[in-house]
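These are the residues of each chain, in order.
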Amino acid sequence: MSKWSMKKRYDEHKPATVEELMGLGNHSARKNYYSELSQKLDELEAERNRYKWIFDNALHGIFQADMKGRIRIANPAMARICGYASDSELTQRVEFLGNDLFFQSLDFHILLERLKRDGKVFRYETRLVRADGETIYVSMNVLLKEEVSDTTFEAFVQDITERVNDQMRLRKLNEELEARVLARTEALESVNAQLRNEIAERSLVQHALQEAKEQAVAANQSKDKYLAAASHDLLQPMNAARLLVSTLRERSLATDDQHLVERIHVALDSAEELLTDLLDISKLDQNAVQADCCDFHIAQLFNTLSTEFQAVAEQSNLQLRVKDSDVMVYSDARLLMRILRNFVSNALRYTDTGGVLVAARKRSGELSIEVWDTGDGIPSDAMSDIFREFNQLSQHRNGERKGVGLGLAIVERISRVLNHKVSVQSVPGRGSVFRVSVPLSDAKPAAMKARPAPVAAGHFSGEAVLVVDNEPEILMSMAALLTQWGLTAYTAESAQAAIELLDDEGVVPRATLLDFHLNDNATALDALADLDESFGRLPTALITAERHDPDLKILRSGGVQVLNKPVKPGKLRALLAHMLTVSTAG
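Note that the coordinates shown come from a computational prediction; the quantities given were computed from them, not determined experimentally. (Residues numbered from 1 in each chain as written. Predicted model: local features only at pLDDT ≥ 70, side-chain atom pairs only at ≥ 80, totals over all residues. Heavy atoms only, no water.)

Enquirer: Help me out: how do you make sense of the overall build of the protein in this one?
Expert: From N to C terminus, the protein includes 17 helices and 17 strands. Here the protein holds 586 residues, and 38% of them are scored as buried. Across the protein, the fraction of contacts at a sequence separation of at least 24, relative to all contacts at a separation of at least 6, is 64%. Of the roughly 34,000 Å² that the protein leaves accessible, carbon and sulfur atoms contribute 51%. (Helix = DSSP H or I, 4+ residues; strand = E, 2+ residues; numbered from the N terminus. Buried < 20%, exposed > 50% of the residue type's maximum accessible area, 1.4 Å probe, protein only. Contact = heavy atoms within 4.5 Å. Areas by Shrake-Rupley, 256 points an atom, 1.4 Å probe, with all protein chains shown as cover.)

Now the structure itself:
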């Protein structure tokens, strides 16, 4: 046997070295490759240690298991996630993933099926059961590892319990919010439905109110038309009765007859005032009365007040004083005069003893016109109601008519038309003062014409006065009254009949009294033109039941005085005295 063969047989009984297994068994190979191999082995060891360190210190759980669900290895993070003290405890206590770790074994089987199909599964969310029995939510990234003799899978596990709980809380909050929104929506829909019903009901009510308003307006218009139409027919016979009663009052009659005449006079006054005030209230409420303001001397109104009410005051044993004033104001003389007449009339009516004073004083660019009386005054609890319709005070002279309670209501409405402030002060037991504030005029004061001395009332000297009216009863009543006053009355139903009568008599009248509406649709304008052509312009007064015809303004601007029917005899007598004085002076 050779040396080599003996060596070889001897070597067969020795274990093979790594070098021999790698084909580096001879001395030459060891010498050439050992250092390189040693370096590679060191690198492999370092890499293994690095991966082990990563495996042991990873934040996420990592485990490896076979396809039957037995855990082979797990890192400490996986043990912490599952609530075990160490990875070895986890691998010992969890025998089968599907039964011992997964909350539902079905989730484990689904995971395996997807791994077999795809070889990997990312973001697989499931629930695991911790060592203490608590359920946690995890997300897994799983890789299938197939080798020749073995198949396993490796899983990287992240605890997402907090995130899932947050999502669940958010979902719950959203559900609660949606529920609240739904409840609020339902409540809002209910409110909207109720609101729609209310709107529909309100619409019906408004429609009903509109219809009622239209009916009320139509009724008012019908009422106004009726009043306008009826007023003329009512005022004409009332005017005739007024004139006849005034004629009788001035005659010497038996005591019983005189008493009856006075009662008729009071009844006519009440009916006349009521009718006149109702017409005025109606027009004022319709805004049918418009102010026509201009500059004028307040003395003009004061003189008229003194003339009209002096006799009334004397009959009641009262003193009426009207203080002179040369101040010019800017207002509507006709409407302002209505206010002052009501003030003075009320003052005389509610004063038993003493008298009434009309005066004016300047205050802050205005003229305060004041009517003072020495009556019983107005109780404080009645002050707020004195300007209301049909409001009457209980205190008045015994036997004196109370009135109808519209005078101050008319004053209040006229003051609004004029934009003049009206006020009242009163001391019970001592008297009252009513005021109206009127703007002062910016115009330079003009010299007042000296007033001719008036003809003494009741002492006329047969002066010729023409009366033109289409009502025979009024002509008869006017003739009786004028004749009793000492005048010569010529009456006619038209201007042409008057011209013929006066031509036959050879008389030129000193003054003319005209009705506004005459026969054949003629008016005072037509009559005045015919009379002017025959006799020239005469002092003329219009006595009419018409109050708002536009032609009245034309007549006033032409110097024609206007008295409303039923005319007050005292006012007519004062006006005739003035007209005849002007005629004489001319």
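Picking up where we left off.
Enquirer: Just checking my understanding: could you explain the pattern of salt bridges for this structure?
Expert: When the charged atoms of two side chains lie near each other, side chains of opposite charge can form a pair. Counted according to the given criterion, the structure contains 14 salt bridges. Among the salt bridges present, the one from Arg117 reaches Asp118, with a minimum N-O distance of 3.0 Å. Its relative accessible area of 60% is what places Arg117 among the exposed residues. For Asp166, the salt bridge identified is with Arg169, shortest N-O distance 2.0 Å. Separated by three residues within a single helix, Asp166 and Arg169 lie in helix α8 (residues 161-249), roughly one turn from each other. (Salt bridge = Lys/Arg side-chain N within 4 Å of Asp/Glu carboxyl O.)

Enquirer: I would appreciate a short explanation of the nonpolar core in the present structure.
Expert: Ile298, Leu336, Leu340, Phe343, Ile369 and Val436 are the most contacted members of the largest nonpolar core, which has 39 residues in total. Elements that contribute at least two residues to this core include exactly α10 (298-315), α11 (333-349), β9 (355-363), β10 (366-373), α12 (407-418), β11 (422-427) and β12 (431-439). Take this core: its biggest share by element is nine residues, from α11. When near neighbours in sequence (up to four residues on either side) are disregarded, Phe343 contacts Val371, Leu408, Val411, Val422, Phe434, Arg435 and Val436. (Core = buried A, V, L, I, M, F, W, Y, C linked by side-chain atoms within 4.5 Å.)

Enquirer: Whenever I open this one, the packing of α11 against α12 confuses me. Can you help?
Expert: Any two packed helices are characterised by the angle at which their axes cross and by the distance between the axes. Between α11 and α12, whose axes approach to 9 Å, the crossing angle comes to 150°. One element, α11, and the other, α12, form an angle in the roughly antiparallel class. α11 and α12 meet at a crossing whose hand is left-handed. Between α11 and α12, the residues in contact are Leu335, Leu336, Arg338, Ile339, Asn342, Phe343 and Asn346 and Gly407, Leu408, Ile410, Val411, Ile414, Ser415, Val417 and Leu418, respectively. For the contact of α11 with α12, the class distribution of residues is 10 nonpolar, four polar and one charged. (Axes fitted to C-alpha atoms, helices over the stretch in contact; angles between N-to-C directions. Parallel < 35°, antiparallel > 145°, perpendicular 65-115°, else oblique. Left-handed = near helix turned anticlockwise from the far one by under 90°. Nonpolar A, V, L, I, M, F, W, Y, C, P; charged D, E, K, R; others polar.)

Enquirer: Help me out: how do you make sense of the packing of aromatic side chains in this one?
Expert: Across all of its chains, the model carries four aromatic pairs by this definition. Ring centres of Phe96 and Phe108 lie 5.7 Å apart, and the angle between their planes is 80°; this geometry places the pair in the edge-to-face category. Highlighted residues: Phe96 in the loop between α5 (87-93) and α6 (97-101) and Phe108 in helix α7 (residues 105-118), separated in sequence by 12 residues. Looking at Phe108, the relative accessible area reads 1%, which means it is buried. Taken together, Phe96, Phe102 and Phe108 form an aromatic cluster joined through their ring pairs. (Phe/Tyr/Trp six-rings, centres within 6.5 Å; stacked < 30°, edge-to-face > 60°.)

Enquirer: How should I be thinking about the sheet that holds strand β15 (residues 511-514) in this particular structure?
Expert: In a beta sheet, neighbouring strands pair by backbone hydrogen bonds and run either parallel or antiparallel. Across the sheet, five strands lie side by side as β14-β13-β15-β16-β17; this open sheet has parallel pairing. The sheet terminates laterally at β14 (488-492) and β17 (561-564), the two strands that pair on one side only. Pairwise comparison of adjacent strand axes, ignoring direction, gives a mean angle of 20° for this sheet. Sheet topology note: the strand β13 (residues 464-468)/β15 ladder contains four bridges and is parallel. Paired with Val468 across the strands is Leu514, a residue of β15. Relative to the sheet, helix α15 (residues 524-535) contacts β13, β15 and β16 (540-544), its axis offset from that of β15 by approximately 155°. (Pairing = 2+ DSSP bridges.)

Enquirer: When you look at a negative patch on the surface in this model, what are you seeing that I'm missing?
Expert: There is a patch of like negative charges on the surface, built from Glu500, Asp503, Asp504 and Glu505. Looking at where Glu505 falls in the secondary structure, it is placed in helix α14 (residues 495-505). (Patch = residues over 30% accessible without salt bridge, like charges linked within 9 Å, V, L, I, M, F, W, Y side chains within 5 Å. Lys, Arg positive; Asp, Glu negative; His and termini not counted. Charge placed at Lys NZ, Arg CZ, Asp CG, Glu CD.)

Enquirer: So what exactly am I meant to see when it comes to the pairing of strand β5 (residues 151-159) here?
Expert: For a regular strand, the rule is simple: side chains alternate between the two faces of the sheet. Pairing analysis gives six bridges linking strand β1 (residues 61-66) to β5, with the strands arranged antiparallel. Within β5, the position partnered with Gln64 by the bridge is Glu154. Where strand β4 (residues 135-146) and β5 come together, nine bridges link them in antiparallel fashion. Each bridged residue has a counterpart across the sheet, and for Val142 the counterpart in β5 is Ala155. The loop that links β4 with its antiparallel partner β5 comprises four residues.

Enquirer: Teacher, can you tell me more about the pairing of strand β3 (residues 120-129) here?
Expert: Sheet analysis places β3 next to β4, joined by eight bridges and oriented antiparallel. Among the inter-strand pairings, Thr126 is bridged to a residue of β4, identified as Val138. Remark: five residues form the turn of the hairpin made by β3 and β4, two consecutive strands paired antiparallel; Gly133 in that turn has positive phi of roughly 90°.

Enquirer: Is there a simple way to think about the sheet that holds β11 in this case?
Expert: Strand order in the open sheet formed by five strands is β7-β9-β10-β12-β11, with mixed pairing between adjacent strands. Strands with a single pairing partner mark the edges of an open sheet, and in this sheet they are β7 (319-322) and β11. Each neighbouring strand pair of the sheet contributes to a mean axis angle of 20°, computed without reference to strand direction. The pairing of β9 with β10 spans eight bridges and is classified as antiparallel. The residue bridging Val356 from the neighbouring strand is Asp373, located in β10. Lying on the sheet, α10 is in contact with β7, β9 and β10; it crosses β7 at an angle near 175°. In the packing of α11 onto the sheet, contacts are made with β7, β9, β10, β11 and β12, and the angle to β12 comes to roughly 175°.

Enquirer: What should I look at first to understand the confidence of the model for the protein in this one?
Expert: On average, residues of the protein carry a pLDDT of 81, and 82% of them reach 70 or more. Per-element confidence in the protein ranges from a low mean pLDDT of 44 for helix α1 (residues 3-12) to a high of 94 for β3. Every residue in residues 1-10 is under pLDDT 50, and counting partners more than four places away or in other chains gives two contacts. Below pLDDT 50 for its whole length, residues 450-458 participates in 12 contacts with residues either more than four positions away or in separate chains. (pLDDT = per-residue confidence, 0-100.)

Enquirer: Please explain a nonpolar patch on the surface as it appears in this structure.
Expert: Together, Tyr51, Trp53 and Ile54 make up an exposed nonpolar region whose accessible area comes to about 370 Å². Considering the arrangement of structural elements, one finds Ile54 in helix α3 (residues 27-57). Among the residues examined, Ile54 registers a relative accessible area of 37% and is labelled partly exposed.

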